[in-house]
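# An overview of the molecular structure
Take a look at the letters that make up each chain.
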Amino acid sequence: MTLFLQLVVSGLGFGAVYALGAISLTLIFKTSNVVNFASASLSTTVALLMWLALTPLHLPVVLAWLIALACAMVIGVLVEAVFLRRVEKSPIIIQVVMTLGLLVAIEGLDGALFGYSPKTLPHVLHGSSFAIGSVLLDRNNALMLAITVLLAIALYLIYQHTRLGLALRAVASDRDTASLMGIQTQRYISLSWAVGVLVAGVSAILIAPAISLTPTFMENVAVFAFAAAVLGGFGSLLGAVVGGLVIGIMSNLVSGYFSNNLQLTFVFILILIVLYIRPNGLFGRPVVSRQ
């Protein structure tokens, strides 16, 4: 029983990172209706910029964080304005191919600029794990979980209780109608990309100390984040968080009791079962259209 509880608690850390990746996908999908498959490479770029600020430039940690997150928002705005805006009226498959093309192109650019040798980022917190009964909780895992929960709550409050959130929901619901009502839809789409890439960048910076930082190190994380978004229901912030935590716990249990190689297999079996029962995910809502 102790092993089971330890695996569950340990899985919350990675689950929090998957949840952040799923939140990033959800934020962009809600306003632009595009699944951002370039999330892995965009978040990697943010982590590499953090490494650049810390290692070659020797900037203070707080300043490096601020620079990396500011760059994340700028990158998000530029990607949407330069690439996705050009194809926003094209069939959805064209937009998906665009994000896949960006994934490969940005990974190659990161490799050319930063090299392919593994790099490291320091842990945010230092010190030994602390005990909760017979279970040990890593300080950085606890921090990742706390950041994920607080960020999800903040985004929910913004979406549901502010004028900004009302405008974002209007754009997500019907872009043309929102435009006719005087809402500058393009501004809010750009904002969703900026915040989406920022959240993805936070996930990469938090997980980088546990994984070698290379131009492709976020690919596996992005797959689990996508699985979390699907499991929770695309478009649901609550679903993104719950889906991420469930995926993190389940993959850790599979790794502990069986094999690392079976993690992805068991995760997608779970998704198939859930989607068979609830085709819109755990918290997704069916799309109703008037004929």
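Look up a bit, the structure's there.
Calculation criteria
Residues numbered from 1 in each chain as written. Predicted model: local features only at pLDDT ≥ 70, side-chain atom pairs only at ≥ 80, totals over all residues. Heavy atoms only, no water. Helix = DSSP H or I, 4+ residues; strand = E, 2+ residues; numbered from the N terminus. Rg over C-alpha atoms; globule rule 2.2 N^0.38 Å. Lys, Arg positive; Asp, Glu negative; His and termini not counted. Charge placed at Lys NZ, Arg CZ, Asp CG, Glu CD. Buried < 20%, exposed > 50% of the residue type's maximum accessible area, 1.4 Å probe, protein only. Polar contact = N/O pair within 3.5 Å; in protein donor to acceptor, adjacent residues only side chain to side chain. Contact = heavy atoms within 4.5 Å. Phe/Tyr/Trp six-rings, centres within 6.5 Å; stacked < 30°, edge-to-face > 60°. Lys NZ or Arg CZ within 6 Å of the ring centre and 35° of its normal.

## Section: the overall build of the protein chain
- If you tally the helices and strands in the protein chain, you get 11 helices and 2 strands.
- Starting at the N terminus and ending at the C terminus, the protein chain contains elements arranged as α-α-α-α-β-β-α-α-α-α-α-α-α.
- For the protein chain, the C-alpha radius of gyration of 19 Å lies close to 19 Å, the compact-globule estimate for 291 residues.
- Counting only C-alpha atoms and orienting by the principal axes, one finds that the protein chain spans roughly 60 × 50 × 35 Å.
- Computed over 13 positive and 8 negative side-chain charges, the inter-centroid distance for the protein chain is 11 Å.

## Details of the side chain of T45
- Following the sequence through the fold, T45 ends up in helix α2 (residues 39–54).
- The class of T45 is buried, set by a relative accessible area of 13%.
- Of the polar contacts made by the side chain of T45, one reaches the backbone oxygen of S41; its length is 2.9 Å.
- Setting aside anything within four residues of it in sequence, one finds T45 in contact with I75, I106 and D110.

## Structural notes on the environment of P215
- Looking at the element boundaries, P215 is found in the loop between α8 (185–207) and α9 (219–232).
- Between the alpha carbons of P215 and A142 there is a distance of 26 Å; along the sequence they are 73 residues apart.
- Those residues in contact with P215 that lie beyond four places of it in its chain are T44, E107, D110, G111, G115 and Y116.

## Focus: the packing of aromatic side chains
- Applying the stated criterion to the full structure yields 7 aromatic pairs.
- With a centroid separation of 5.9 Å and 55° between ring planes, the pair formed by F226 and F234 is classed as tilted.
- On the basis of relative accessible area, F226 is assigned to the partly exposed category, the value being 27%.
- Taking the relative accessible area as the measure of exposure, F234 reaches 24% and is therefore partly exposed.
- Three or more aromatic residues joined by ring pairs make a cluster, and in this case those are F29, F37, F226 and F234.
- The positively charged end of K119 is found above the aromatic ring belonging to W51, 5.2 Å away from the centroid.

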